[in-house]
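Descriptive structure summary
Chain by chain, the residues run as shown.
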Amino acid sequence: MNSNKLAVIFPGMGYHSDKPLLYYAKKLAREHGYEIVDIKYDFQVKAREIMDDKEAKDEVFYHAVREAEEQLETVDFASCDRILFIGKSIGTTVAAYIDNEHGINAAHIVFTPVPETFTYLREERGLVLHGTSDPWCDTKLAEEKCTELKLQLEKVEEANHSLEVGDAFVDVAQLPVIIGAVKMYIERLS
């Protein structure tokens, strides 16, 4: 590694790191001196196919964990002064799980968590961005868990699991607000 700061990108099932939320978060991290590691998964199912199937969700989660751990096995986290995990959806859970299991002590940017994410996130280590119309995570749960874990919560009213409301003009106008919160969080870490 050429930097003492590392950002690892953990995408969602259908939300890769070239989509807006992760693309701009990754770009901001790079602008703040973070070296980037982009995790990629090979999913055989689509998210909507497992939404109401706990067993299938668990299988997908552990598959993603194994793939991420393989891609990270050569990373020397101990040589980094700052580690930032940026996740989307299931990627937020994978990131928090790996952080806990391996004692990495990363800070987290959590785009649209799923309920399981809060099982692994540590106190005071993250920014959570949640849409109030997200079918994957109830707003009340996100609020309670963020309060309990002392995580910064930014809500996007009426937004779905992509932090969009379905109106292209509104969605594009909202993006600078979302990415602005990410920028402030990254700057506080630096």
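Whatever comes next refers back to the structure up there.
Quick look at the structure, then. Keep in mind it's a predicted model, so treat the numbers as computed, not measured. (Residues numbered from 1 in each chain as written. Predicted model: local features only at pLDDT ≥ 70, side-chain atom pairs only at ≥ 80, totals over all residues. Heavy atoms only, no water.)

Per the secondary structure count, the protein includes seven helices and six strands. Reading the protein from its N end, one meets helices and strands in the order β-α-β-α-α-β-α-β-α-β-α-β-α. In terms of C-alpha radius of gyration, the protein reaches 15 Å, essentially the compact-globule figure of 16 Å for 190 residues. Projected onto its principal axes, the C-alpha positions of the protein cover 40 × 35 × 30 Å. Here the protein, with 190 residues, has 49% of them falling under the buried criterion. Accessible surface, the protein: about 9500 Å² in total, of which carbon and sulfur atoms supply 47%. Averaging the locations of the 21 positively and 34 negatively charged side chains of the protein gives two centres separated by 4 Å. (Helix = DSSP H or I, 4+ residues; strand = E, 2+ residues; numbered from the N terminus. Rg over C-alpha atoms; globule rule 2.2 N^0.38 Å. Buried < 20%, exposed > 50% of the residue type's maximum accessible area, 1.4 Å probe, protein only. Areas by Shrake-Rupley, 256 points an atom, 1.4 Å probe, with all protein chains shown as cover. Lys, Arg positive; Asp, Glu negative; His and termini not counted. Charge placed at Lys NZ, Arg CZ, Asp CG, Glu CD.)

What follows covers the packing of aromatic side chains. Remark: the centre distance and the inter-plane angle together describe each pair of aromatic rings, the angle taken between the planes. Within the structure shown, the criterion is met by eight aromatic pairs. Measuring from centroid to centroid gives 6.1 Å for Phe61 and Tyr120, while their planes differ by 15°, and the two rings are stacked. Of the two residues, Phe61 is situated in helix H3 (residues 54-72) and Tyr120 in helix H5 (residues 117-120); the sequence distance between them amounts to 59 residues. Looking at Phe61, the relative accessible area reads 8%, which means it is buried. Between Tyr62 and Tyr97, the aromatic rings sit 6.2 Å apart at their centres with planes inclined by 85°, giving edge-to-face as the arrangement. (Phe/Tyr/Trp six-rings, centres within 6.5 Å; stacked < 30°, edge-to-face > 60°.)

When a protein is soluble and globular, its nonpolar side chains tend to lie buried together. Of all hydrophobic cores here, the largest spans 39 residues; its most connected members are Phe10, Phe85 and Val94. Those elements that place two or more of their residues in this core are strand E1 (5-10), H3, strand E3 (82-88), helix H4 (90-102), H5 and helix H6 (139-149). Here the element with the most residues in this core is H3; it accounts for seven residues. Core analysis: the second largest hydrophobic core is formed by 26 residues, Tyr15, Leu21, Leu127 and Tyr185 among them. (Core = buried A, V, L, I, M, F, W, Y, C linked by side-chain atoms within 4.5 Å.)

Taken together, Asp52, Asp53, Glu55 and Glu59 make up a surface patch of like negative charges. Residue placement: Asp53 occurs in the loop between helix H2 (47-50) and H3. (Patch = residues over 30% accessible without salt bridge, like charges linked within 9 Å, V, L, I, M, F, W, Y side chains within 5 Å. Salt bridge = Lys/Arg side-chain N within 4 Å of Asp/Glu carboxyl O.)

Topologically, Val182 is positioned in helix H7 (residues 168-189). For the pair formed by Val182 and Leu21, sequence separation is 161 residues and the distance between their alpha carbons is 9.6 Å.

Before going further, it helps to examine the packing of helix H1 (residues 20-31) against H7. The interhelical angle for the contact between H1 and H7, taken along N-to-C directions, is 35°, at an axis separation of 10 Å. For the pair H1 and H7, the crossing hand works out as right-handed. The residues of H7 that touch H1, namely those facing Pro20, Leu21, Tyr24, Ala25, Leu28 and Ala29, are Leu175, Ile178, Ile179, Val182, Lys183 and Ile186. Of the residues contributing to the contact of H1 with H7, the split by class is eleven nonpolar, no polar and one charged. (Axes fitted to C-alpha atoms, helices over the stretch in contact; angles between N-to-C directions. Left-handed = near helix turned anticlockwise from the far one by under 90°. Contact = heavy atoms within 4.5 Å. Nonpolar A, V, L, I, M, F, W, Y, C, P; charged D, E, K, R; others polar.)

Further remarks concern the pairing of strand E2 (residues 35-38). Here four bridges tie E1 to E2, and the two strands are oriented parallel to one another. When the sheet's bridge partners are listed, Ala7 is paired in E2 with Ile36. (Pairing = 2+ DSSP bridges.)

Right, let's get into the pattern of salt bridges. Within this structure, the stated rule accounts for nine salt bridges. The partner of Asp18 in a salt bridge is Lys26, with the nearest N and O atoms 3.9 Å apart. Classification of Lys26 by relative accessible area gives buried; the value is 7%. Residues Glu144 and Lys140 are paired through a salt bridge, measuring 3.8 Å at the closest nitrogen-oxygen approach. Here Glu144 and its partner Lys140 are both found in helix H6, four residues apart, which amounts to about one turn of the helix.

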